[in-house]
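# Breakdown of the fold
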Amino acid sequence: MTAIKVHGGIDILRLPVNQEEHIYHPWHVKYTQSHILHSKCSKSENGCGDKDIDSCQFCIFSRTLDLPHMPDMVFPNNILTLKHQNGATIQFNALDSLKTVSNGKINVQLACAEAWKESRSESSEYLEEKVKPFDWTFTTNYMGTISNFEIQETTERIDVDKLKRREKILFYHDLTLFEDELHDNGIAVCSVKIRVMPSSFYILLRYFLRIDGVMFRINDTRIYHEFGQDYLLREFTSREAKVEEIRASPLCIEPSEIAPYLPLTKCQYHKLIISSKTESLTNNQTVNEVTI
Ligand SMILES: [Zn+2]
(Lines give C-alpha, C1' and ligand atoms only; values in the text may rest on other atoms or scores of the structure.)
Protein backbone atom coordinates (compact mmCIF):
# COMPACT_ATOMS: atom_id res chain seq x y z
CA MET A 1 0.00 0.00 0.00
CA THR A 2 1.21 3.45 -0.88
CA ALA A 3 0.68 6.56 1.17
CA ILE A 4 1.31 10.07 -0.04
CA LYS A 5 0.93 12.87 2.46
CA VAL A 6 0.74 16.47 1.42
CA HIS A 7 0.16 19.14 4.03
CA GLY A 8 -0.21 22.75 3.08
CA GLY A 9 0.66 21.88 -0.48
CA ILE A 10 -2.01 23.90 -2.22
CA ASP A 11 -2.58 27.59 -1.63
CA ILE A 12 -6.12 28.92 -2.01
CA LEU A 13 -6.56 32.52 -0.91
CA ARG A 14 -3.28 32.15 0.94
CA LEU A 15 -4.78 29.61 3.33
CA PRO A 16 -3.53 26.07 3.10
CA VAL A 17 -5.51 23.05 2.05
CA ASN A 18 -4.53 19.88 3.82
CA GLN A 19 -4.78 16.75 1.86
CA GLU A 20 -3.91 13.13 2.18
CA GLU A 21 -4.10 10.29 -0.31
CA HIS A 22 -3.85 6.56 0.16
CA ILE A 23 -4.04 3.64 -2.16
CA TYR A 24 -5.79 0.52 -0.93
CA HIS A 25 -5.71 -1.35 -4.17
CA PRO A 26 -7.99 -1.11 -6.22
CA TRP A 27 -9.21 1.98 -4.33
CA HIS A 28 -7.73 5.42 -4.19
CA VAL A 29 -8.85 7.34 -1.10
CA LYS A 30 -8.28 11.06 -0.82
CA TYR A 31 -9.44 13.92 1.32
CA THR A 32 -8.87 17.66 1.18
CA GLN A 33 -9.64 19.98 4.05
CA SER A 34 -9.47 23.74 4.48
CA HIS A 35 -11.06 26.99 5.65
CA ILE A 36 -14.72 27.97 5.66
CA LEU A 37 -16.49 29.59 2.76
CA HIS A 38 -16.02 33.36 2.63
CA SER A 39 -19.11 35.45 3.27
CA LYS A 40 -18.74 37.48 0.08
CA CYS A 41 -17.21 37.30 -3.35
CA SER A 42 -13.44 37.17 -3.08
CA LYS A 43 -12.82 38.46 -6.58
CA SER A 44 -14.88 41.55 -7.28
CA GLU A 45 -17.29 44.05 -5.67
CA ASN A 46 -20.11 43.01 -7.98
CA GLY A 47 -19.53 39.26 -7.69
CA CYS A 48 -18.24 36.92 -10.36
CA GLY A 49 -20.16 36.86 -13.62
CA ASP A 50 -22.52 33.97 -14.39
CA LYS A 51 -20.30 32.85 -17.22
CA ASP A 52 -17.01 33.36 -15.40
CA ILE A 53 -15.45 29.90 -15.59
CA ASP A 54 -13.05 30.91 -12.83
CA SER A 55 -15.75 32.01 -10.35
CA CYS A 56 -14.84 32.15 -6.66
CA GLN A 57 -16.28 29.52 -4.34
CA PHE A 58 -18.69 31.97 -2.72
CA CYS A 59 -20.24 32.79 -6.10
CA ILE A 60 -20.40 29.13 -7.13
CA PHE A 61 -22.22 28.25 -3.91
CA SER A 62 -24.57 31.26 -4.07
CA ARG A 63 -25.46 30.66 -7.69
CA THR A 64 -25.89 26.89 -7.39
CA LEU A 65 -27.85 26.82 -4.14
CA ASP A 66 -29.95 29.98 -4.30
CA LEU A 67 -30.67 29.80 -0.55
CA PRO A 68 -31.60 33.04 1.29
CA HIS A 69 -28.67 32.33 3.52
CA MET A 70 -26.02 29.73 3.89
CA PRO A 71 -25.15 27.81 7.08
CA ASP A 72 -22.82 29.76 9.46
CA MET A 73 -19.95 27.54 8.43
CA VAL A 74 -19.61 25.85 5.06
CA PHE A 75 -16.42 23.99 4.22
CA PRO A 76 -16.16 24.00 0.43
CA ASN A 77 -12.78 22.26 0.40
CA ASN A 78 -13.65 19.49 2.83
CA ILE A 79 -14.00 16.73 0.30
CA LEU A 80 -13.64 12.98 0.64
CA THR A 81 -13.26 10.99 -2.56
CA LEU A 82 -12.97 7.25 -3.11
CA LYS A 83 -12.19 6.10 -6.59
CA HIS A 84 -12.07 2.53 -7.85
CA GLN A 85 -9.55 1.71 -10.57
CA ASN A 86 -12.46 0.93 -12.92
CA GLY A 87 -13.69 4.51 -12.62
CA ALA A 88 -16.49 4.12 -10.04
CA THR A 89 -16.29 7.15 -7.77
CA ILE A 90 -17.99 8.16 -4.56
CA GLN A 91 -17.50 11.57 -3.11
CA PHE A 92 -18.74 13.71 -0.22
CA ASN A 93 -18.73 17.49 -0.57
CA ALA A 94 -20.55 20.46 0.95
CA LEU A 95 -21.97 21.88 -2.27
CA ASP A 96 -23.78 18.68 -3.21
CA SER A 97 -24.90 18.12 0.40
CA LEU A 98 -26.61 21.52 0.40
CA LYS A 99 -28.28 20.99 -2.98
CA THR A 100 -30.99 18.86 -1.38
CA VAL A 101 -31.93 21.50 1.21
CA SER A 102 -35.51 22.54 0.57
CA ASN A 103 -35.92 25.99 -0.83
CA GLY A 104 -39.62 26.25 -0.07
CA LYS A 105 -41.89 25.94 2.95
CA ILE A 106 -41.04 23.21 5.44
CA ASN A 107 -43.12 21.16 7.82
CA VAL A 108 -40.83 21.59 10.80
CA GLN A 109 -42.07 25.16 11.01
CA LEU A 110 -45.55 23.89 11.76
CA ALA A 111 -44.36 21.35 14.30
CA CYS A 112 -42.12 23.77 16.12
CA ALA A 113 -43.62 27.14 15.46
CA GLU A 114 -45.10 27.74 18.89
CA ALA A 115 -42.07 26.57 20.81
CA TRP A 116 -39.89 28.78 18.74
CA LYS A 117 -42.09 31.84 18.96
CA GLU A 118 -42.35 31.67 22.73
CA SER A 119 -38.70 31.91 23.55
CA ARG A 120 -36.84 32.83 20.45
CA SER A 121 -38.00 36.10 19.10
CA GLU A 122 -34.81 36.67 17.15
CA SER A 123 -35.57 33.59 15.07
CA SER A 124 -39.16 34.49 14.36
CA GLU A 125 -38.21 36.17 11.13
CA TYR A 126 -37.98 32.69 9.65
CA LEU A 127 -41.28 31.49 11.05
CA GLU A 128 -43.15 34.59 10.06
CA GLU A 129 -41.56 34.35 6.66
CA LYS A 130 -40.13 37.81 6.64
CA VAL A 131 -37.36 36.20 4.67
CA LYS A 132 -38.04 33.97 1.70
CA PRO A 133 -39.16 30.59 3.08
CA PHE A 134 -36.47 27.98 3.07
CA ASP A 135 -35.42 25.13 5.28
CA TRP A 136 -33.41 26.97 7.94
CA THR A 137 -32.59 23.58 9.53
CA PHE A 138 -30.59 22.78 6.36
CA THR A 139 -31.97 19.24 6.45
CA THR A 140 -30.32 17.19 3.75
CA ASN A 141 -30.86 13.65 2.57
CA TYR A 142 -27.56 13.71 0.72
CA MET A 143 -26.11 10.21 0.33
CA GLY A 144 -22.88 11.16 -1.39
CA THR A 145 -22.13 11.98 -5.01
CA ILE A 146 -21.63 8.83 -7.05
CA SER A 147 -20.68 8.03 -10.59
CA ASN A 148 -20.13 4.86 -12.58
CA PHE A 149 -22.03 2.65 -10.17
CA GLU A 150 -25.13 0.64 -10.92
CA ILE A 151 -27.64 1.16 -8.09
CA GLN A 152 -29.93 -1.68 -6.99
CA GLU A 153 -32.27 -2.06 -4.06
CA THR A 154 -31.13 -4.84 -1.77
CA THR A 155 -32.15 -6.93 1.21
CA GLU A 156 -28.52 -7.39 2.19
CA ARG A 157 -27.54 -5.39 5.28
CA ILE A 158 -24.25 -4.07 6.61
CA ASP A 159 -22.84 -6.67 8.99
CA VAL A 160 -22.63 -4.58 12.16
CA ASP A 161 -21.09 -7.43 14.15
CA LYS A 162 -18.27 -7.68 11.67
CA LEU A 163 -17.66 -3.96 12.02
CA LYS A 164 -17.49 -4.26 15.79
CA ARG A 165 -14.74 -6.85 15.58
CA ARG A 166 -11.35 -5.55 16.52
CA GLU A 167 -9.46 -4.93 13.38
CA LYS A 168 -6.51 -2.71 12.70
CA ILE A 169 -7.51 0.74 11.48
CA LEU A 170 -5.34 1.67 8.53
CA PHE A 171 -6.89 5.07 7.98
CA TYR A 172 -9.44 7.24 9.75
CA HIS A 173 -10.66 10.73 9.01
CA ASP A 174 -13.52 13.00 9.93
CA LEU A 175 -14.65 16.03 7.89
CA THR A 176 -17.35 18.62 8.58
CA LEU A 177 -19.19 19.70 5.45
CA PHE A 178 -21.35 22.42 7.04
CA GLU A 179 -22.58 23.57 10.41
CA ASP A 180 -25.12 26.11 11.68
CA GLU A 181 -26.01 27.08 15.23
CA LEU A 182 -29.59 28.11 14.44
CA HIS A 183 -29.16 31.51 16.10
CA ASP A 184 -27.86 29.80 19.27
CA ASN A 185 -30.95 27.62 19.50
CA GLY A 186 -29.35 24.31 18.62
CA ILE A 187 -27.22 22.89 15.90
CA ALA A 188 -27.41 21.52 12.38
CA VAL A 189 -24.26 19.76 11.27
CA CYS A 190 -23.34 17.54 8.36
CA SER A 191 -20.14 15.54 8.58
CA VAL A 192 -18.52 12.46 7.11
CA LYS A 193 -16.22 9.90 8.70
CA ILE A 194 -14.24 7.16 7.05
CA ARG A 195 -12.47 4.14 8.47
CA VAL A 196 -10.35 1.80 6.37
CA MET A 197 -9.43 -1.63 7.71
CA PRO A 198 -7.48 -4.48 6.11
CA SER A 199 -10.70 -6.23 5.04
CA SER A 200 -13.10 -3.36 4.38
CA PHE A 201 -13.94 0.33 4.54
CA TYR A 202 -16.82 2.01 6.30
CA ILE A 203 -18.19 5.52 5.84
CA LEU A 204 -20.76 7.36 7.93
CA LEU A 205 -22.23 10.54 6.50
CA ARG A 206 -24.41 12.16 9.16
CA TYR A 207 -26.74 15.14 9.20
CA PHE A 208 -27.65 15.96 12.79
CA LEU A 209 -30.24 18.51 13.91
CA ARG A 210 -31.00 19.59 17.44
CA ILE A 211 -33.47 22.41 18.00
CA ASP A 212 -33.14 23.02 21.75
CA GLY A 213 -36.24 21.95 23.63
CA VAL A 214 -38.03 21.13 20.39
CA MET A 215 -36.71 18.25 18.33
CA PHE A 216 -33.89 16.03 17.08
CA ARG A 217 -33.35 14.68 13.59
CA ILE A 218 -30.59 12.41 12.25
CA ASN A 219 -30.13 11.46 8.62
CA ASP A 220 -27.41 8.83 8.29
CA THR A 221 -25.85 7.31 5.20
CA ARG A 222 -23.66 4.31 5.90
CA ILE A 223 -21.47 2.82 3.21
CA TYR A 224 -19.66 -0.45 3.63
CA HIS A 225 -17.38 -2.31 1.27
CA GLU A 226 -15.52 -5.56 1.70
CA PHE A 227 -12.37 -5.61 -0.38
CA GLY A 228 -12.66 -8.15 -3.15
CA GLN A 229 -16.40 -7.73 -3.65
CA ASP A 230 -17.80 -5.91 -6.65
CA TYR A 231 -20.28 -3.78 -4.72
CA LEU A 232 -20.74 -1.41 -1.81
CA LEU A 233 -23.70 -1.49 0.55
CA ARG A 234 -25.38 1.84 1.19
CA GLU A 235 -27.95 2.33 3.94
CA PHE A 236 -29.85 5.57 4.42
CA THR A 237 -31.90 6.14 7.55
CA SER A 238 -33.83 9.13 8.78
CA ARG A 239 -34.79 9.41 12.44
CA GLU A 240 -36.54 12.14 14.33
CA ALA A 241 -38.57 12.95 17.40
CA LYS A 242 -39.80 15.88 19.40
CA VAL A 243 -37.88 16.34 22.64
CA GLU A 244 -40.99 15.62 24.74
CA GLU A 245 -41.47 12.28 22.98
CA ILE A 246 -38.10 10.79 23.84
CA ARG A 247 -36.87 9.31 27.08
CA ALA A 248 -33.20 10.17 26.68
CA SER A 249 -31.48 12.14 29.39
CA PRO A 250 -31.57 15.88 28.73
CA LEU A 251 -27.79 15.78 29.13
CA CYS A 252 -27.56 13.44 26.21
CA ILE A 253 -26.83 15.72 23.31
CA GLU A 254 -24.24 13.75 21.35
CA PRO A 255 -25.71 12.44 18.10
CA SER A 256 -24.50 8.89 18.72
CA GLU A 257 -26.11 8.87 22.18
CA ILE A 258 -29.42 10.26 21.03
CA ALA A 259 -29.77 8.18 17.84
CA PRO A 260 -31.07 4.99 19.53
CA TYR A 261 -33.96 6.98 21.05
CA LEU A 262 -35.19 8.39 17.78
CA PRO A 263 -37.82 6.44 15.84
CA LEU A 264 -36.99 5.54 12.27
CA THR A 265 -39.02 7.58 9.81
CA LYS A 266 -37.41 6.50 6.54
CA CYS A 267 -34.88 3.96 5.29
CA GLN A 268 -33.39 2.90 1.97
CA TYR A 269 -31.00 0.06 1.26
CA HIS A 270 -28.92 -0.05 -1.87
CA LYS A 271 -26.18 -2.01 -3.49
CA LEU A 272 -23.77 0.16 -5.46
CA ILE A 273 -22.29 -2.15 -8.05
CA ILE A 274 -18.90 -1.31 -9.46
CA SER A 275 -18.93 -1.53 -13.22
CA SER A 276 -16.50 -4.10 -14.54
CA LYS A 277 -15.34 -1.92 -17.41
CA THR A 278 -12.73 0.76 -17.10
CA GLU A 279 -14.46 4.07 -17.70
CA SER A 280 -13.07 6.73 -19.98
CA LEU A 281 -11.28 9.72 -18.52
CA THR A 282 -14.12 11.99 -19.61
CA ASN A 283 -16.45 10.56 -16.98
CA ASN A 284 -13.89 10.92 -14.26
CA GLN A 285 -13.26 14.51 -15.15
CA THR A 286 -16.93 15.32 -14.68
CA VAL A 287 -16.62 14.25 -11.07
CA ASN A 288 -13.50 16.28 -10.51
CA GLU A 289 -15.18 19.43 -11.74
CA VAL A 290 -17.73 19.22 -8.96
CA THR A 291 -14.95 19.29 -6.39
CA ILE A 292 -14.08 22.87 -7.42
ZN1 LIG B 1 -17.08 35.65 -6.73
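In this text, all values refer to a predicted model and were calculated from it rather than measured experimentally. (Residues numbered from 1 in each chain as written. Predicted model: local features only at pLDDT ≥ 70, side-chain atom pairs only at ≥ 80, totals over all residues.)

### Here's the deal with the overall build of the protein
Looking only at helices and strands, one finds seven helices and 14 strands in the protein. Burial analysis of the protein (292 residues in total) assigns 30% to the buried set. Of the contacts formed within the protein by residues at least 6 apart in sequence, a portion of 64% connects residues at least 24 apart. (Helix = DSSP H or I, 4+ residues; strand = E, 2+ residues; numbered from the N terminus. Buried ≥ 20, exposed ≤ 12 C-beta atoms within 10 Å, placed from the backbone. Contact = placed C-beta atoms within 7 Å.)

### A word on the environment of L232
Mapped onto the fold, L232 is located in strand β13 (residues 231-242). Exposure remark for L232: the 25 C-beta atoms within 10 Å place this residue in the buried category. Distance from L232 to I158, taken between C-alpha atoms, is 9.5 Å for residues 74 residues apart in sequence. Here L232 is in contact with I223, Y224, H225 and L272, once residues within four sequence places are set aside.

### Here we look at the nonpolar core
V74, L80, A94, L177, F178 and V192 are the most contacted members of the largest nonpolar core, which totals 49 residues. Ranked by residues supplied to this core, first place goes to strand β11 (residues 200-211) with seven residues. Those residues in contact with L177 that lie beyond four places of it in its chain are F75, N78, F92, N93, A94, S97, C190, S191 and V192. (Core = buried A, V, L, I, M, F, W, Y, C linked by C-beta atoms within 7 Å.)

### Description of the sheet that holds β11
Within the open sheet, the eight strands sit side by side as β4-β9-β10-β11-β12-β13-β14-β8. Their pairing is antiparallel. Across the chains shown, the open sheet's two edge strands, defined by having one partner strand only, are β4 (73-74) and β8 (149-153). Note that β8 and strand β14 (residues 264-274) share five bridges and pair antiparallel. Within β14, the position partnered with Q152 by the bridge is K271. (Pairing = 2+ DSSP bridges.)

### Comments concerning helix α1 (residues 57-65)
Inspection of α1 places Q57, F58, C59 and F61 among the buried residues, and these make up the whole buried set. Those residues of α1 that are buried are in contact with β4 and α2 (94-99). Once α1 ends, the next one or two residues include D66, with phi positive near 55°.

### Let's talk about the confidence of the model for the protein
Mean pLDDT for the protein: 83, with 77% of residues reaching 70 or above. Contacts of residues 1-12 to residues separated by more than four positions or lying in other chains number 17 contacts, the stretch itself having pLDDT below 50. Low pLDDT (under 50) marks residues 279-292, which in the prediction has 22 contacts with non-local residues, meaning those over four places away or in another chain. (pLDDT = per-residue confidence, 0-100.)

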